[in-house]
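Each chain, written out:
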Amino acid sequence: MTTNVPALDAGAAAAGPRRNFLDVATGFWSWASTLDHKRIGLMYLVGVSLAFLCGGLFALLVRLHLWEPHGTLFSNADYNQIFTLHGAFMVFLFVIPAIPGSLGNILLPLMLGAKDVALPRLNLLSFYLWLVGAALATLAIVFGGFDTGWTFYTPYSLYTEQAVVTIGLAVFVLGFSSIFTGLNFIVTVHKLRAPGMTWFRMPLFVWALYATSLLQVLATPVLGITVLLVAFERLYHVGIFDPRLGGDPVLFEHFFWFYSHPAVYIMVLPAFGIISELVSVHSRKPVFGYKLIAYSSIAIAVISFLVWGHHMFTSGQSTYAMFAFSFLTFFVAIPTAIKEFSWVATVWRGSIALNSPMLYTLAFLIIFSIGGLTGVILGALAVNLHLHDTYFVVAHFHYVMMGSIAVAFFAGLHHWWPKIFGVMYDEFLAKIACGIIFVGFNATFIPQFIMGSRGMPRRYATYVPDYTDFHKASTIGAIVLGCGIALMVYYLVASLFQRRQAMQNHWGGVTLEWHAPTPPPVENFTTPPVVTTEVYDYSTLDLDTMRRPVQ
Amino acid sequence: MSHDGHHAVVIPAPGPEFQPHTVAHHFDTPVQEFQSAKLGFWLFLATEILLFGGLFAAYFYFHEMYPETFRLGGKQLDWQLGALNTAVLLASSWTMAMGVRAAQTSQKKLLLRYCGLTVLGALIFMAVKFVEYSAKDAHGFVVFADLFAPYDTATGQIPWFQDYDGHMAGVPHGHLFFAIYLTMTAIHGLHVLIGAGLILWIMKGAAKGRFHAGYYLPVDLVGLYWHLVDLIWIFLFPLLYLVP
Amino acid sequence: MTVHDHDAHAGSGALQMGHHHVSSAALFAKVLVALLILTAITVGASRIHFGAANMLIAMFLACVKASLVMAFFMHLKWDTAINKIVFFGSFLFLSLLIVFTIADQTTRRMDGKWHVQKSPVQYEWVHPRLLTDKKD
Ligand SMILES: [Cu+2]
């Protein structure tokens, strides 16, 4: 893609050291009150990373506890709290906001050629709501914790003597944080595209974020009212979810999964978007089936509203509803497979550069194939009745949540790190860490597939000794995975202090964000860009400016 | 569009009693700013529809489950008060629409007057609501003093549902209708209060001359919010007071 | 009813805001009268017993009223296509929630022997009035 300006603004360099968005102002207040989408995105990055490390710590505690059949670390009640904390922190504070909040915020306006998101104040509010939600979730631990699982199923969540109202409030606030981010992105995509940036010249990451935003806006309010009703139920006994009072817990599950199934795509669609970008840049080849990938994001978003009942096959739902939900579930596989095949076809015969972002991308492609296909297995009604609430389900959604989404997030982080900070991390360590994470991840969850198919139920603090070897293997895998992530955190943070210069266009991308100076100035582009060529047209790549180092 | 980004677009004031409006720096034109905010607000209204929608889904679910409870429960509500409140809200929606029109045509005094009338409508609505809630309290359908008291797990008796006169004695789970009635009308009432607050904020800006034909965006958006409150009530009224 | 009346005295800044529709006061008055009449019809219709059709009639009338508010008071009739799609889309997705949950509810009782029976509720519900009667 070319613009009406050279990729690197020559005039700015002549005028002395350029002020980028990082050093244009300093001090706590310049960050706390910023309306710049890039700074808000960086604050999100710090926030979600801390939440991820907390959630990861809880996960390690869970795995260590399960080393022995009788449990090693906690009482059963404490174990229930720890796995709930792991789920709640990971889902609500990390996986849902991670990619849109950090990379999405930083890149969406850049990729569209805009100066900012359409509603910068709302963007900042959205981050502060995330902070309030995180604070409330932490407060809930102080108030006695919560042991309901991240799903808050009634009636247990109505009767348990714990801080369910506080964590419910946290989820409500985090929901609105997510809604506002999505709303902002939709408006930005509709109203702030640069001249010449038609819908089918938008990078696929933007398409994916757009589809995600539709889900955030349409599904999250139902979660909001659901957790409010649980809170009301505990405060003044509305009765609609309480079987003692004539209510129906199955209604809660309907409400909850009306949000939480689409939420799976709120989490995974941005990851798809990152992968679509990366396979193209690191194979130096236009995306195969660009329009198909774009449309399939929208198709996934729409279909995801029709399948939520597949989480409720053992809940007492009507048999007819189960038939319908199981049948409709298979349709999600079609647009998802379109994406997977398109990525593979993009890499095929490309000039593949095995840079660290590409290694993470390849790890994603392998892991997501397994995660997606086991999802189809679980969508089949008869099989699901057998595997419901076993470790097979746990392994399946970790292949999607951790193995696919988190790995795609890492891939994107490695890809755009030199763009955002203008510095490069240690590529050698990055490749090592990627390998450790891939091995550790599979070592953790392959045993869980096996023991799940043999009947090991999820969320139990103890287990029969027959499963001991699988649990031990899984725990060792988790420790390896943790080491890989620790190494990644180390070299990424270290790169900020070592200040090894990156190149202007480090990987040779041609989407608009690579046309902005590195790191971008506050207004993103020194001259407003005008788009004249198609997206992913690598013939427009200017190798001279690309390889110029950042000052 | 200037290159340094410091040159801001300004909409001039149509008269001395008005203020000009400066377009935010990241927009190129006033139209872009207007349309962005408008689309954002419609999306927000869509989330409000889905938030309330959960309550409507619960209503239909239990209407289907316990039709007799709902039929009898609806009879305990005062449909005349409900109809009065419907008329009040519809009229206030009309005054709000006229207020937006006054802003569009730069009629400052008229804008203030119509906004004032709309707030008055909100106050009347809440006053009627108070009368209604008091009657429910007197019959023991919703005993507000015991609203948050814990319930007896052995008998399943909910402290806030006493039904002193036994109106609901013949049907199962009589409290369910009133729980849904209370939750829906209370959340709706909260929206009425928020809406009234927003209109007062509009009046403050209008008095300073911030809104005129060139820039009436906030008036338009608050107007939309107020109409949404009306919209929800249009469905609540027949469902609760005239249970079909 | 005449619609789409443009008001002559839009202020000088109006052009800079792009094309905006200013409805006539007479139109708004007519809409209000129509809404009030429809409210009266809603109350009247609820008095006549049509059985299950009562719900459909009440919801139909409410939808008509809502459409009037949306089209005229909310200016949606003259708004951009995307804003219309957004707002109507929210009703569409809401209907998915309602239709699927109600469909589950109503088909559950047709399940017969296929279906796992729900375990009986542990505590039978007793009307509070009867409890106090016993104490007396
Ligand atoms: Cu699902």
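Not measured: the values here are computed from a predicted model.

Draft legend 1. Region of interest: the overall build of chain A. Of regular secondary structure, chain A possesses 17 helices and zero strands. Rg of the C-alpha trace for chain A: 23 Å, near the compact-globule value of 24 Å for 551 residues, within the 12% margin. The principal-axis extents of the C-alpha atoms in chain A amount to approximately 75 × 45 × 45 Å. When the 551 residues of chain A are sorted by exposure, 65% land in the buried category. In the form shown here, chain A has an accessible surface area of approximately 18,000 Å², with 71% of it arising from carbon and sulfur atoms.

Draft legend 2. Just the interface of chain B and chain C, in detail. Every contact between the two is made by 73 residues of chain B and, on the other side, 66 residues of chain C. For the chain B and chain C pair, buried surface summed over both sides reaches about 5,800 Å², with 74% attributable to carbon and sulfur atoms. For chain B, the biggest contributors to the area lost against chain C are B:Trp42, B:Tyr61 and B:Arg101; these three give 12% of the whole. Taken together, the connections running from chain B to chain C amount to one salt bridge. Across the pair B:Lys38 and C:Asp79 runs a salt bridge, and its minimum N-O distance is 3.7 Å. Our enumeration of links across chain B and chain C arrives at four residue pairs in polar contact (both at pLDDT 80 or more). Mapped onto the side of chain B that touches chain C, the elements with two or more residues apiece are β1 (10–11), α1 (30–65), α3 (79–104), α5 (174–207) and α6 (217–241) of chain B. With 21 residues, α1(B) is the single largest residue contributor to the side of chain B that touches chain C. When grouped by side-chain class, the residues that make up the side of chain B that touches chain C number 46 nonpolar, 21 polar and six charged.

Draft legend 3. Region of the structure containing the domain arrangement of chain C. Residues and elements named next belong to chain C. Domain annotation of chain C identifies domain 1 (22–77) and domain 2 (79–109). Just the C-alpha atoms count here: the centres of domain 1 and domain 2 sit 20 Å apart. If you look at the interface, domain 1 gives five residues, while domain 2 gives six residues. Buried surface at the junction of domain 1 and domain 2, both sides included, amounts to about 450 Å², of which 71% is carbon and sulfur. In this assembly, domain 1 and domain 2 are joined by two residue pairs in polar contact (both at pLDDT 80 or more). Looking at the side of domain 1 that touches domain 2 residue by residue, the class counts come to three nonpolar, one polar and one charged.

Draft legend 4. Seen up close, the pattern of salt bridges. Applying the stated criterion across every chain, the model contains 10 salt bridges over all chains. Across the pair A:Asp36 and A:Lys38 runs a salt bridge whose closest N-O atoms are separated by 3.1 Å. Where C:Asp104 meets C:Arg108, a salt bridge forms, and the shortest distance between an N and an O atom there is 2.8 Å. Here C:Arg108 and C:Asp104 lie together in helix α3 (residues 81–108), a separation of four residues that amounts to about one turn. Each of the salt bridges in this network shares a partner with another, and the network as a whole consists of A:Asp248, C:Asp104 and C:Arg108.

Draft legend 5. Structural detail: the coordination of the copper ion. Residue and element names in this part refer to chain A. The copper ion binds to the protein through His-261 (ND1), His-310 (NE2) and His-311 (NE2); the donor distances cover 1.8 to 2.0 Å. Spacing between the donor residues of the copper ion along their common chain follows H-x48-H-H. Residue class for His-311 comes out partly exposed when judged on its relative accessible area of 22%.

Draft legend 6. Geometry of the interface of chain B and chain A. Facing 42 residues of chain B, the contacting portion of chain A comprises 41 residues. Buried surface at the junction of chain B and chain A, summed over both partners, amounts to about 3,600 Å²; 72% is from carbon and sulfur atoms. When the area that chain B buries against chain A is broken down by residue, the three leading residues are B:His26, B:Leu51 and B:Tyr151, summing to 17%. On inspection of chain B and its partner chain A, the count reaches one salt bridge. Across the salt bridge formed by A:Lys115 and B:Asp28, the nearest N and O atoms sit 3.8 Å from each other. Summed over the shared surface of chain B and chain A, the result is 12 residue pairs in polar contact (both at pLDDT 80 or more). Sorting the residues of the side of chain B that touches chain A by element identifies α1 and α5 of chain B as the ones contributing at least two each. Of all the elements, α1(B) adds the most residues to the side of chain B that touches chain A, at 18 residues. Residue composition of the side of chain B that touches chain A, grouped by class: 27 nonpolar, 14 polar and one charged.

Parameters and conventions
- Residues numbered from 1 in each chain as written.
- Chains lettered and ligands numbered in written order.
- Predicted model: local features only at pLDDT ≥ 70, side-chain atom pairs only at ≥ 80, totals over all residues.
- Heavy atoms only, no water.
- Helix = DSSP H or I, 4+ residues; strand = E, 2+ residues; numbered from the N terminus.
- Rg over C-alpha atoms; globule rule 2.2 N^0.38 Å.
- Buried < 20%, exposed > 50% of the residue type's maximum accessible area, 1.4 Å probe, protein only.
- Areas by Shrake-Rupley, 256 points an atom, 1.4 Å probe, with all protein chains shown as cover.
- Contact = heavy atoms within 4.5 Å.
- Buried area = accessible area lost by both parts, 1.4 Å probe.
- Salt bridge = Lys/Arg side-chain N within 4 Å of Asp/Glu carboxyl O.
- Polar contact = N/O pair within 3.5 Å; in protein donor to acceptor, adjacent residues only side chain to side chain.
- Nonpolar A, V, L, I, M, F, W, Y, C, P; charged D, E, K, R; others polar.
- Domains from an automatic or database assignment.
- Donors = N, O, S within 2.8 Å, 3.2 Å for Na, K, Ca; no water.

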